[in-house]
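# Overview (structure and organization)
One letter stands for each residue in the lines below.
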Amino acid sequence: MSIVPMKPILEAALKNGYAQGAFNVNTVAQAEAVIEVHKMFRSAAIIQGADLANAFMGGRSDFMNGTVEDKKLGAKRIADAVYKYAEHADIPVVLHLDHGKDIDSVKAAIDGGYTSVMIDGSSLPYSDNVELTREVVKYAHPLGVTVEGELGVLTGIEDHVFSDKSTYTDPMLACDFFKKTGVDCLAISYGTQHGAVKGNNIKLRREIAIAASENLRHSGINPLLVSHGSSTVPAYIVERINQLGGDLKNTNGIPINELKSVIPYGICKINVDTDIRLSITRNFREFFTNHPDKKKSTTIGRVWDLMEQNPDKFDPRIYLPPVMDKLIIETNITDSDLLSLVSLIKAGVHEVVGTLIVQFGSFGRIDRINTRSLSEMIDIYNEEMRIS
Ligand SMILES: [Zn+2]
């Protein structure tokens, strides 16, 4: 199956009372692993590349300074890999841009082959957010591409997305936002946070999701709501990282039962990034601890040096740059040390993504999805325009 737009996949989740996890990737090995594990569980897969991940994949280890050209190259690299893996997978696969910050980021992603994009205007004044989101919808829908917007501001750090104060989504505004922008789905702020330090015993403000989805339903709009900042930060993984020389402090995720409790109220996509970074970090630390000779490897030894210098970090992009070119560009890796890293990356993805497919209930659901191609979605959007 080729890669497909996201909207029909979220509609099936909403209708059948489950959620799709959406998983961020920074290397092609991660994308391959995300598809493998979803295939194993007969679930649709949503692979996310963040705007800055596209810059990283475009060859910028200083990805914060990535240009539009870097992003275009990165978007195309990840999209080419995802197309190749998806072709043989027999499950619907979506490639979604996470936190697109302007129309250029969105265009870079769509030109590269993304089938779904988020435009994050949440830090702008409401009317500017509406304006920006509408502009993206105007570009994306004629191409059949799904659009996600965001209303309300989350706290925490995630790539360029940083905010120290949270503003919960006003559920009354959600309807207005959908109507004025024509957006397909909406990320809301209701107590989740980006990053690995989310505070103890987080309680989600599920009444915000309830109020927003009720308002939307009464207006005849399908309440496709999205939960960002929803990593669970598994304690067993953090503990193991710290046993192996890591120094992660005050890490907390969103309790899995809190996340499951909002699924009946319209949350049909749950974004997870941190959990994957943590499991890969643990796998790498375990590997170098069990094979101390590999710390001197000519190909991967420098990865260990960077891990050792950064015990309080768990973002693989901090220690992958020495091998990044090979991981991203080379399709036939033959170096056995490098192959070990690839299999550790994939194992990390399989573990946390597999767990969440089961927890969020998307396993075994591919037959419930009315999968649409990009060109079928173009017809559907045209028809909607004609009626309205
Ligand atoms: Zn986010």
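Structure's up top.
To keep things clear, this report deals only with the structure shown in the data block.

Criteria and cut-off values
- Residues numbered from 1 in each chain as written.
- Predicted model: local features only at pLDDT ≥ 70, side-chain atom pairs only at ≥ 80, totals over all residues.
- Heavy atoms only, no water.
- Buried < 20%, exposed > 50% of the residue type's maximum accessible area, 1.4 Å probe, protein only.
- Helix = DSSP H or I, 4+ residues; strand = E, 2+ residues; numbered from the N terminus.
- Pairing = 2+ DSSP bridges.
- Right-handed = clockwise from strand over helix to strand, strands pointing away.
- Axes fitted to C-alpha atoms, helices over the stretch in contact; angles between N-to-C directions.
- Parallel < 35°, antiparallel > 145°, perpendicular 65-115°, else oblique.
- Left-handed = near helix turned anticlockwise from the far one by under 90°.
- Contact = heavy atoms within 4.5 Å.
- Nonpolar A, V, L, I, M, F, W, Y, C, P; charged D, E, K, R; others polar.
- Polar contact = N/O pair within 3.5 Å; in protein donor to acceptor, adjacent residues only side chain to side chain.
- Phe/Tyr/Trp six-rings, centres within 6.5 Å; stacked < 30°, edge-to-face > 60°.
- Lys NZ or Arg CZ within 6 Å of the ring centre and 35° of its normal.
- Core = buried A, V, L, I, M, F, W, Y, C linked by side-chain atoms within 4.5 Å.

Okay, the pairing of strand 10 (residues 267-272) next. Counted residue by residue, strand 10 has 6 buried out of 6 residues, so it is predominantly covered. Here strand 1 (residues 20-24) runs beside strand 10; their pairing, made up of 4 bridges, is parallel. Residue pairing for strand 10: Gly21 is matched across the bridge by Ile270. Sheet topology places strand 9 (residues 225-227) next to strand 10; 3 bridges connect them, and they run parallel. Its bridge partner being in strand 10, Val226 is matched across the sheet by Lys269.

We now examine the pairing of strand 5 (residues 146-151). Most of strand 5 is tucked away: 6 of the 6 residues are buried. The side-chain alternation of strand 5 yields two buried faces, one formed by Thr146, Glu148 and Glu150 and the other by Val147, Gly149 and Leu151. Pairing analysis gives 3 bridges linking strand 4 (residues 116-119) to strand 5, with the strands arranged parallel. Bridging across to strand 5, Ser116 finds its partner in Thr146. For the crossover that starts at strand 4, traverses helix 6 (residues 126-140) and ends in the parallel strand 5, the hand is right-handed. Where strand 5 lies against strand 8 (residues 185-188), 4 bridges are found, and the strand directions are parallel. Counterpart to Gly149 in the pairing with strand 8 is Leu186.

Take the sheet that holds strand 4 next. The strand order around the closed barrel built from 8 strands is 1-2-3-4-5-8-9-10, with neighbouring strands paired in parallel fashion. Sheet twist, expressed as the average angle between the axes of neighbouring strands with direction ignored, equals 30 degrees.

Attention now goes to the packing of helix 5 (residues 103-112) against helix 6. Two numbers describe how helix 5 lies on helix 6: the axes approach to 10 Å, and their chain directions differ by 20 degrees. The orientation of helix 5 with respect to helix 6, classified from their angle, is roughly parallel. Viewed along their axes, helix 5 and helix 6 form a crossing whose handedness is right-handed. Contacts from Ile103, Val106, Lys107, Ile110 and Asp111 of helix 5 reach helix 6 at Glu135, Val136, Tyr139 and Ala140. Residue composition of the contact of helix 5 with helix 6, grouped by class: 6 nonpolar, no polar and 3 charged.

Note on placement: Asn271 falls in strand 10. At a separation of 3.1 Å, a polar atom in the side chain of Asn271 contacts the side chain of Lys269. Once residues lying within four places of it in the same chain are set aside, the contact partners of Asn271 are Ala22, Gln48, Asp98, Val226, Ser227, His228, Gly229, Ser230 and Ser231.

What follows is about the packing of aromatic side chains. By the definition in use, this model includes 4 aromatic pairs. Pairing Phe287 with Phe288 gives two aromatic rings, centres 5.5 Å apart and planes at 75 degrees, and the pair type is edge-to-face. When its relative accessible area of 11% is taken as the criterion, Phe287 is described as buried. Taking the centre distance of 5.3 Å and the plane angle of 40 degrees together, the rings of Phe288 and Trp304 count as tilted. One end of the pair, Phe288, is in helix 11 (residues 274-290); the other, Trp304, is in helix 12 (residues 301-309), and 16 residues separate them in sequence. The class for Trp304 is buried, based on a relative accessible area of 7%. Among the aromatic residues, those joined into a cluster by ring pairs are Phe287, Phe288 and Trp304. For Arg205, the ring lying beneath its charged end belongs to Tyr168, and the centroid distance is 4.7 Å.

Moving on to the nonpolar core. Residues Ile35, Ile47, Val82, Val93, Val117 and Phe284 are the most contacted members of the largest nonpolar core, which totals 98 residues. With 11 residues, helix 15 (residues 336-360) is the single largest residue contributor to this core. Counting 19 residues, the second-largest nonpolar core is a separate cluster that includes Met6, Tyr18, Ala44 and Met118.

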